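# Fold and geometry: a report
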Amino acid sequence: MRKYFITGLLVLVPLAITLWVLNLVIGTMDQSLLLLPEQWRPKALLGMDIPGLGTILTLLVIFLTGLATRNFIGRQIVSVWEGVLTRIPVVSSIYSSVKQVSDTLFSSSGNAFRKALLVQYPREGSWTIAFLTGVPGGDVKNHLAGDYVSVYVPTTPNPTSGFFLMLPRADTIELDMSVDEALKYIVSMGVVAPEQQPGRKLVIDSPPGSDAAASN
C-alpha cells in the first residue's frame, strides 16, 4: 500500500504543481483585462468571463510592442519615453536598475546565466553549482587583485533566491551541462542528475590550494 501511495504521489504532485503554476500565471495575466473600459470587457459583451483571454491580450501587447520598437520611429518613441522617466527622481533609479537587469537577462547578446559553474561554497571542500553573471565592475574591481568573476549561487529548491559572490576565476570550474540541466539539478535537490555525454567523462580538478577533488 505504501509503495502504491508513493507512486501515486510521484505522478500527481508534479502535475498538481504544474497546473497550480499555470493557473497562477494565467490568472495574473488575465488581470490585464481590467485596463480595458468596462463596456469592452467580456463580462459586459458576452455576459461571462473567458479564462485566458487576458493572457492572449497580454502576449499580443508584448508582441506588438516588440514589433513597433524594431523600427526607427518606435525606437525614437522609446528613447523619448525613457528620457522622461529618467528625469523623475524616484522613478529614475528604479527604472534604470530594472532595465539594466532585464537587458542583461533577456538580451540575446547578454552573457548572464549562460554558463554553469562548480564553486566551493560555503566553505572549502563543500561544492555547489553557480551561474556566471559577468565580471566585477565599477570601483569594486579596483580593490580586487587578479582575475575575478561574478557568480550567482541559487538556493534549493527555490533558485530565485541565492547569493551573489565574486570569486577568482581559477577557483571556478566550468561544467559540461546546460543552464537548464543545472537548474533542474538544483531544484530537484540533486535527485534529477544531468545525463552524462556518451563517451565523455568530466574530471574535476581541485583549484590551487585545495585538497578536495570531485569527479562524475
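What you see is a predicted model, and the numbers here were worked out from it, not measured in a lab.

## Examining the UniProt feature "transmembrane region" (unreviewed entry) in the protein chain
UniProt's feature table lists "transmembrane region" (unreviewed entry) at residues 7-26 and 46-67, given in the numbering used throughout. Counting secondary structure, residues 7-26 comes out at 100% helix and 0% strand; the distance between its end C-alpha atoms is 29 Å.

## Some points on the pattern of salt bridges
Counting across every chain of the model gives three salt bridges. Linking Lys115 and Glu174 is a salt bridge whose minimum nitrogen-to-oxygen distance equals 3.9 Å. In this pair, Lys115 sits in the loop between helix H5 (89-106) and strand S1 (116-120) while Glu174 sits in strand S5 (residues 173-174), placing the two residues 59 residues apart along the sequence. A salt bridge links Asp147 to Arg169; the nearest nitrogen and oxygen atoms lie 2.7 Å apart. Taken as a pair, Asp147 in the loop between strand S2 (127-134) and strand S3 (148-154) and Arg169 in the loop between strand S4 (162-168) and S5 lie far apart in primary sequence, 22 residues in all.

## Considering a nonpolar patch on the surface
Taken together, the side chains of Phe5, Ile6, Leu9, Leu10, Val13, Ile17, Trp20, Val21, Leu24 and Val25 make up a nonpolar region of the molecular surface, amounting to roughly 950 Å² of accessible area. Topologically, Leu9 is positioned in helix H1 (residues 2-29).

## Quick word on the packing of aromatic side chains
According to the stated counting rule, one finds one aromatic pair in the structure shown. Between the aromatic rings of Tyr121 and Phe163, the centroid separation amounts to 5.7 Å while the plane-to-plane angle is 45 degrees, which identifies the pairing as tilted. In this pair, Tyr121 is assigned in the loop between S1 and S2 and Phe163 in strand S4, connecting sequence segments 42 residues apart. When its relative accessible area of 24% is taken as the criterion, Tyr121 is described as partly exposed. With relative accessibility at 42%, the residue Phe163 sits in the partly exposed group.

## Observations regarding H1
In this model H1 runs 40 Å from its N-terminal to its C-terminal C-alpha over 28 residues, within 8% of the 40 Å that 1.5 Å per residue would give. Leu12 marks the point of greatest bend in H1, at about 25 degrees, and the proline Pro14 comes within the next four residues.

## Thoughts on the environment of Pro51
Positionally, Pro51 belongs in the loop between helix H2 (42-46) and helix H3 (53-68). On the accessibility criterion, Pro51 (73% relative accessible area) is exposed. Along the sequence, Pro51 and Asn23 sit 28 residues apart, while their C-alpha atoms lie 9.7 Å from each other.

## Here we look at H3
Note on helix geometry: an α-helix contains 3.6 residues per turn, so any two residues three or four positions apart are oriented the same way. Compared with an ideal rise of 1.5 Å per residue, which puts 16 residues at 22 Å, H3 spans 22 Å between its outermost C-alpha atoms and is within 8% of the ideal. Listed in full, the buried residues belonging to H3 are Gly54, Thr55 and Thr58. Looking straight down H3, one finds its buried side chains confined to an arc of 110 degrees; they lie on one side. Every exposed residue of H3 that faces more than 90 degrees away from the buried side is listed here: Ile56, Phe63 and Leu67. Elements that come into contact with the buried residues of H3 comprise H1.

## Brief notes about unusual backbone geometry
Here Tyr121 and Pro122 are connected by a cis peptide whose omega angle stands at 5 degrees. Within the secondary structure layout, Pro122 lies in the loop between S1 and S2. Omega for the peptide link from Thr156 to Pro157 comes to 0 degrees, which places this bond in the cis form. Considering the arrangement of structural elements, one finds Pro157 in the loop between S3 and S4.

About the thresholds
- Residues numbered from 1 in each chain as written.
- Predicted model: local features only at pLDDT ≥ 70, side-chain atom pairs only at ≥ 80, totals over all residues.
- Heavy atoms only, no water.
- UniProt positions renumbered as here; feature names shortened; annotations may be inferred.
- Helix = DSSP H or I, 4+ residues; strand = E, 2+ residues; numbered from the N terminus.
- Salt bridge = Lys/Arg side-chain N within 4 Å of Asp/Glu carboxyl O.
- Patch = residues over 30% accessible without salt bridge, like charges linked within 9 Å, V, L, I, M, F, W, Y side chains within 5 Å.
- Areas by Shrake-Rupley, 256 points an atom, 1.4 Å probe, with all protein chains shown as cover.
- Phe/Tyr/Trp six-rings, centres within 6.5 Å; stacked < 30°, edge-to-face > 60°.
- Buried < 20%, exposed > 50% of the residue type's maximum accessible area, 1.4 Å probe, protein only.
- Expected span 1.5 Å × (residues − 1).
- Bend = angle between axes of the 7 residues up to and from the residue.
- Arc of directions from axis to C-beta.
- Contact = heavy atoms within 4.5 Å.

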